[in-house]
Amino acid sequence: MNDTIVALSSGRPPAAIAVVRTSGPDAFAAAEALVGPVPAARKAVLRRLTDPRDGALIDEALVVRFDAPNSATGEDIVEYQCHGGRATIDALINALISQAGVRQAEAGEFTRRALANGRIDLTEAEGLADLLAAETELQRRSAMARAGGELRRRLDGWRDRLLELSARAEVAIDYADEEEGSGDAQLRPDIRLLGGDMSQLVDSPRIEPLRDGIRVAVAGPPNAGKSSLVNMLAQSEKAIVTHIPGTTRDLIEVPIAIDGIPFVLVDTAGLRESDDVVETIGIERARGEAERAELLLWLGEARQAPDRPGVIQISAKTDLGGSAEGLPVSVVTGQGGAQLKRELVERGRQLLPTADELALDRRQHDLLAEGQSALSRAADLDDPVLIAEELRVARLAIDRISGRAGVEDLLDALFARFCLGK
Amino acid sequence: MFDVLVIGGGHAGCEAACAAARRGARVALLTFRTDDLGQMSCNPSIGGVGKGHLVREVDAMGGIMARAADRAAIHRRMLNASKGSAVRGPRVQADRALYRRAVAELVREAGVRLIEGEAIALRMHGSAVNGVELADGSTLDARAVVLATGTFLDATMFRGEERWSGGRQGGEASNALAGQIRELGLAQAKLKTGTPPRLDGKTIDWVRTQAQPSDRDAWTMALAANPKPQPQLSCAITRTNERSHDVIRAGLGRSPLFAGAIEGRGPRYCPSIEDKVHRFGDRDGHQIFLEPEGLDSRLVYPNGISTSLPTDVQLGLVRSISGLERCEIVQPGYAVEYEYADPRRLEPTLQHREIGCLLFAGQLNGTTGYEEAAAQGLVAGLNAAAISLGVAEARFDRGTSYIGVMVDDLTLQGASEPYRMLTARSEYRLYLRADNAVSRLGPMAIDLGALDDDQAGRVRDHLDAKTKATAALDERIAGAELGLDGPSRKPLSDWARRDDLIERIRLRLGNGPAANEALDDAIYAPYLTRLASELAARTRDRKLAIPPQFDFTQVPGLSSEMQERLNAASPADLDQAGRVAGVTPAALSALHFALVRQAA
C-alpha cells in the first residue's frame, strides 16, 4: 500500500458525469499538480483540471478530498467528478498516473484496501461485491442490505443473545455449589426461541438465485423445440437452431431479466440414447442441470418429466403437433410467450428474497444452519454440559460467518469471488 | 551455588521447588518463615470445578498439592456429581495444620534446601538474573530464579478504618524487593482479595444450620493411594438474611472498599459480602458454608462472607445469621491490596521475555486461588530446571490441559482482575476432564522426567489399563451379553450410547478409574470428534506466525487501544491474536493482510 491507485469509479462511459477516484499517500500531491491547492476536506469545489505535463486543460470538475483514516479506504482520497466522455476520462487518468507514485488500480483494489485498513469487515465486503455486480433493482437492494452492515448487525445481535444463554448455562456448571442460576427453567425455551429466529433466515431464499440469476433448465427429448424456446424468451439468436437432432451438445447459458427478475436460461442437449461420446457427455450434463436448476421447462412427455418441484410442462411445436399437455407455446406465432413469462416471474419471485430482505450466500447459509442445528440439539438436551457445548458450537458458527474465527478460510472464500491480485 | 532458587514458600513456591528438584536440579527455597510452607491464607479447601481439574493435572505432572490435600482432607465433596464427568470437580476441605505438615514433608522428601530469610534485591549479570541479595547482607547464587512471592509484594491490609502493611495476617510484606521489581518495570497494578472472619465453632448453634456430610465414596485427589486418611467432618449451610443486609448497608460507609481506600479491583467471582449486598440488594439472602478448619481446631471458616468491614460491623453481621446468634469472632476478616506483575511479559514457560533466567509464578501474576498458584509453580519449576540444566522446556497447550488454558490466558490477555479458573474458559471442556488428567499429561510428564519412579509407575499402569479398556470397548459383542434380545453385534462403545446400558457396561469393564475414563471417552465421542476438527481448523491460523518484534502500530485500521493490547500481549500467531480480548473481525483481517504483505 505504498502507492496511490486511480480508477474510474462510476459506470461505463459515455455518461454525463464520471467519478475518478484516487487513494493513497500521493493522492493529495497528485491533486495539487492538477488543480492547484487542494480544497478543505469533504468540501466539493469546482476546479480546472490541467495536465501538469503540458498545461493543457482537461476539464472543469468537482474535486472532493477525504483525509485518512476517515475515508472509504482508510487512506487519503481525492475524487474528481468530471464530464463522462471517454476522452476526458482517459486524459484525466493519464495525467494522474503520470504523477510519481500513482498507478492504475487493479480490479477490486479499493475494496481490498478498505478491508486491509479495517474500514469494512468481511460480510460488508461480500455485500459490496454483490452490490457492484448488481444488475437489477432487486439485486441492488439485497446487496445494499449486506454491504450496509445489516447482516453483521443481525449476527452481532444473535451473538449477544448466545453469550447471554451461554452465561446462564455455564453458571450452573462452574458455580455448582452456589444457588446462582440453579434451576433455570427458562433456559431451554429461550434457546428454542433464538433457534427459531435464526431459522427464519436459514430458511429464507438464498442470494445465489438473485445474484447469479434463477437457473431455468430447458430440457426434453431431441428436436422438441428447446433451443427455439430459449431464443424466443431471450429475444435473440443465442442458441443455434437446426432440424438435426443433437445440435445442442453442451449447456448454453443465456442470462435474461424479466420484470426485473434475473434468470439464466439453460439450453440443454436433447435427452436420448446416443453412441456419440461427445453427445453423451452433453446428455449427462443436461440430466444434471434438469435436476439441479431452480426451475425446469419440460418439453417432453408429461409422464417422463423429472420428479422434482419447479417443473413447468410446456407443449411446444403445437403447430407441428407436439406434446399436448402443458402450456401451449409456439415460437412461430408467439402464442403463449407472454403467459410463460408471467409464470416464470411468479415462480421466480417466490424463489427470491424480497426487496430489502437479508439473503445469505451458500457459505453464510451453511454456517448459520450449523449454528441453528446446534441450538435445536441444545434445546432437547438435559445435560447442562452438553447444552453449554452446543451453545459454544453455535457461537463458533456465527463467529466464522463474520470472520472472527477461521480468518484464513473466510478470506479464501472472499478472494475467490473478488479476483484480487496479490 | 544452586541451580534453581525459589523465592516464596506458598503454593506456587513449593510446587516450583519440588518440580525443579524432580528434574534433578539443586533447589533452594527462600522464605520468611520455614514453618509457614503451604499456608492457606483464606479458604481451607483445595479443588472445585475448574480448580479441581488443575489439581489433578498438577498431580499427573508429579506435583505435591493433590497428595497433601488427600493427607489433610477432613471433608470431601465431588461437585457436579450428577452432571456428567466433564465438569465434575473434586473438592476437599483440609485441616490447615495437617496440610502445612504434609507440604513440609513433601518438600523435604524432594530434597529441597530450605533457607529462612528475606530477599531484598535480585542480582543481575547483564540482562539476566543470577541470584539474590538477602537482608542480612549475604547473597545466594543460582542459575535460575523463580519469583513466587504471592501477595507479599508491597501489600497493605484493610479493615474498616484500620490499615497496616503485610501480605497476610501475621506475615510481613516484602517491600525492598518490590521497589526493585517496580524499577525493572515489572510491577503492574494492584489487585484486592478478601477473607471472611474466622469463627469460634464452639459458639455456633449447629442445630439451626443444615448439615452437609462428606461424600461416602472415598475418592482421592491424587493418583497415589492415601496412606492415612483422616476422619471426616460435616460442614454446614446457613444464609444471610434481611437483617444481615441492613447491618452491612449501615456499615458501607466505613468499608474501605466503598470509602475508596483500596485501589485494586476485587475478584468478580467471589466478591465481598459488601459487593453482594450492594449489587444484588434485592436478594433475600446469600448462602454461607460453615467449614471446620481442623480436627483439633475450634475455628470455622464461613465461606461466602469475605469482608473488610470494621470489626464491630462484622460482629453485627455474623450475629444476624441463623445459627450464629451467639457466635464469637476469633479473627476478623480483612482485605489485602497487593501489587502484581503483568503476566503478558512472560513466555508460555512463565519465563520473563526480556530478563533472562527469571520466572514468575503464582498470585504474583494476578491469579487468585491456591490451585492456580500451584499449577503455575509447576510450570515455572519445570522450566527453571530446563534453563539451569539445559533440558527440554515444558510447554502446555490450551487444547490439552487447563494449565495450558491458564498460561495462555495470562500471557495473552493479562489480568485486569484476579484470574480464577473456570471450566467455561476452555473450548475443549468435554476433553479436559478431571478424571483423565493422567492420560492427557502422563506421557509428557514422563518425557520431561518430571515424575519420581513411583509416580511414573502409577502413570504407566493407568495408561496401560486405559489402553486395555479402550480395546475392550472396540470389541464387537452381541446384545445377549448385555442381557438384551436380538441378534445385533456392535462394538461395546456403540452400546454405550444407550443410557440404560451404561451401568451394565461399566460393571463389565471392571468399574476402575481407567475403565470409567475409557467409557466416558466413548460417551463423549461425537463431541470429541468435532473438537478435533475444530482444532485442526485452527491450525491454519496458527501457521500464520507473527514475528517476535512485530509492531502492531503499523497495522492500519486498529484502534490505539487494540494496538496497545496486541503489543502487550505479543501473540505468536494469528490464532492467538484472534483470542486477544476485544479484537474485532475487521481488525483481524487488517492484521492478516499486514502479515501476508510482510511475509511476501
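Structure's up top.
Note that the structure is predicted; figures quoted are calculated from it, not measured.

Caption draft 1: Focus on the overall build of chain A. What chain A contains, in helices and strands, is 14 helices and twelve strands. Of the contacts made within chain A by residues no fewer than 6 positions apart, 60% connect residues no fewer than 24 positions apart.

Caption draft 2: Representation of the overall build of chain B in the model. Check the secondary structure of chain B and you find 20 helices and 22 strands. Relative to the globule expectation of 25 Å for 600 residues, the C-alpha radius of gyration of chain B, 25 Å, shows essentially globular dimensions. With the principal axes as the frame, chain B shows a C-alpha extent of 80 × 70 × 50 Å. Burial analysis of chain B (600 residues in total) assigns 54% to the buried set. Within chain B, residue pairs in contact and separated by at least 24 positions form 72% of the contacts whose partners lie at least 6 positions apart.

Caption draft 3: Quick look at the nonpolar core. Formed by 196 residues in total, the largest nonpolar core has its most connected members in Val4, Val145 and Val146 of chain B. For this core, the element with the most residues is helix α10 (residues 370-389) of chain B, which contributes twelve residues. What Val146 of chain B contacts, discounting residues up to four positions off in sequence, is Val4, Val6, Ile7, Ala16, Leu359, Ala361, Ala380, Gly381 and Ala384 of chain B. Counting 55 residues, the second largest nonpolar core, distinct from the first, contains Cys82, Ile89 and Val102 of chain A together with Phe593 of chain B.

Caption draft 4: Seen up close, the environment of Ala525 of chain B. Among the structural elements, Ala525 of chain B can be located in helix α17 (residues 525-543). Note: C-alpha distance between Ala525 of chain B and Ser493 of chain B (32 residues apart in sequence) is 9.2 Å.

Caption draft 5: Focus on the environment of Asp521 of chain B. Residues and elements named next belong to chain B. When you line up the elements, Asp521 lands in helix α16 (residues 513-523). For Asp521, a count of 22 C-beta atoms within 10 Å gives the class buried. Between the C-alpha atom of Asp521 and that of Asp217, which follows or precedes it by 304 residues, the distance is 22 Å.

Caption draft 6: Representation of the packing of α10 of chain B against helix α11 (residues 402-413) of chain B. Residues and elements named next belong to chain B. Here α10 crosses α11 at 90 degrees, and the two axes come no closer than 10 Å. One way to sum up the angle between α10 and α11 is to call them roughly perpendicular. Contacts between α10 and α11 involve Glu372, Ala375 and Val379 from the former and Ile403, Met406 and Val407 from the latter. Classifying every residue of the contact of α10 with α11 by side-chain character gives five nonpolar, no polar and one charged.

Caption draft 7: A look at the sheet that holds strand β3 (residues 45-47) of chain B. All names here are of chain B. Taking strand neighbours across the sheet as the criterion, the three strands line up as β3-β5-β4 in an open arrangement whose pairing is antiparallel. Every other strand in the sheet has two partners, leaving β3 and β4 (73-79) as the edge strands with one partner each. The average angle at which neighbouring strand axes cross in this sheet is 20 degrees, direction not considered. Relative to strand β5 (residues 89-94), β3 runs antiparallel, the two being bridged by three bridges. Counterpart to Ser45 in the pairing with β5 is Gln93.

Caption draft 8: Main features of the environment of Ala68 of chain B. Residues and elements named next belong to chain B. Take Ala68: it is sitting in helix α3 (residues 65-72). When the C-alpha atoms of Ala68 and Gly38 are compared, they prove to be 9.3 Å apart, with 30 residues separating the residues in sequence. The residues touching Ala68, leaving out its near neighbours within four places in the chain, are Gly38, Tyr99, Ala102, Val103 and Leu106.

Caption draft 9: Molecular detail of the pairing of strand β1 (residues 4-8) of chain A. Residues and elements named next belong to chain A. Summarising the sheet, β1 and strand β6 (residues 102-104) pair through three bridges and their orientation is parallel. Following the sheet pairing, Val6 is matched in β6 by Gln104. Judged from the four bridges that link them, β1 and strand β2 (residues 15-23) form a sheet pairing that is antiparallel. Looking at β2, one finds that Val6 is bridged to Thr22.

Caption draft 10: Structural view of the sheet that holds strand β10 (residues 295-298) of chain A. Residue and element names in this part refer to chain A. With respect to topology, six strands assemble into an open sheet ordered β8-β9-β7-β10-β11-β12, the strand pairing being mixed. The open sheet is flanked by β8 (252-258) and β12 (327-329), the only strands paired with a single partner. Ignoring strand direction, the axes of neighbouring strands in this sheet form an average angle of 30 degrees. Note: strand β7 (residues 214-219) against β10, four bridges, orientation parallel. Following the sheet pairing, Val216 is matched in β10 by Leu295. Packed on one face of the sheet, helix α10 (residues 277-292) meets β7, β9 (261-267) and β10 and runs near 130 degrees to β7.

Caption draft 11: Looking closely at helix α18 (residues 560-569) of chain B. Residue and element names in this part refer to chain B. For α18, the complete set of buried residues consists of Met562, Arg565, Leu566 and Ala569. Projected onto a plane normal to the axis of α18, the buried residues spread over an arc of 95 degrees and lie on a single side. Positioned one or two residues after α18, Ser570 has a phi angle of 50 degrees, which is positive.

Caption draft 12: The pairing of strand β8 (residues 128-134) of chain B, seen in detail. All names here are of chain B. Two elements, strand β7 (residues 119-125) and β8, share six bridges in a ladder whose sense is antiparallel. Bridge assignment links Leu122 to a residue of β8, and that residue is Val132. Hairpin connection, β7 to β8: the antiparallel pair is bridged by two residues, and Gly126 has positive phi, about 70 degrees. Looking at chain direction, β8 and strand β9 (residues 139-147) are connected through three bridges and run antiparallel. Considered in β9, the bridge of Glu133 is made with Thr139. In textbook terms, the turn of a hairpin is the stretch between consecutive antiparallel strands, and for β8 and β9 this stretch comprises four residues, one of which, Gly137, has a positive phi near 95 degrees.

Caption draft 13: Just unusual backbone geometry, in detail. Ala68 of chain A connects to Pro69 of chain A through a cis peptide bond whose omega is -5 degrees. Relative to the helices and strands, Pro69 of chain A resides in the loop between β4 (57-66) and β5 (77-84). With a phi close to 65 degrees, Asn223 of chain A is a non-glycine residue in the positive phi region. With respect to the helices and strands, the residue Asn223 of chain A is situated in the loop between β7 and α9 (226-234). Residue Asn223 of chain A is classed as partly exposed on the basis of its C-beta count, with 19 C-beta atoms lying within 10 Å. With phi around 60 degrees, Cys357 of chain B is a residue other than glycine that occupies positive phi space. Within the secondary structure, Cys357 of chain B sits in the loop between β19 (334-341) and β20 (358-360). For Cys357 of chain B, a count of 24 C-beta atoms within 10 Å gives the class buried.

Thresholds, definitions, all that
Residues numbered from 1 in each chain as written. Chains lettered and ligands numbered in written order. Predicted model: local features only at pLDDT ≥ 70, side-chain atom pairs only at ≥ 80, totals over all residues. Helix = DSSP H or I, 4+ residues; strand = E, 2+ residues; numbered from the N terminus. Contact = placed C-beta atoms within 7 Å. Rg over C-alpha atoms; globule rule 2.2 N^0.38 Å. Buried ≥ 20, exposed ≤ 12 C-beta atoms within 10 Å, placed from the backbone. Core = buried A, V, L, I, M, F, W, Y, C linked by C-beta atoms within 7 Å. Axes fitted to C-alpha atoms, helices over the stretch in contact; angles between N-to-C directions. Parallel < 35°, antiparallel > 145°, perpendicular 65-115°, else oblique. Nonpolar A, V, L, I, M, F, W, Y, C, P; charged D, E, K, R; others polar. Pairing = 2+ DSSP bridges. Arc of directions from axis to C-beta.

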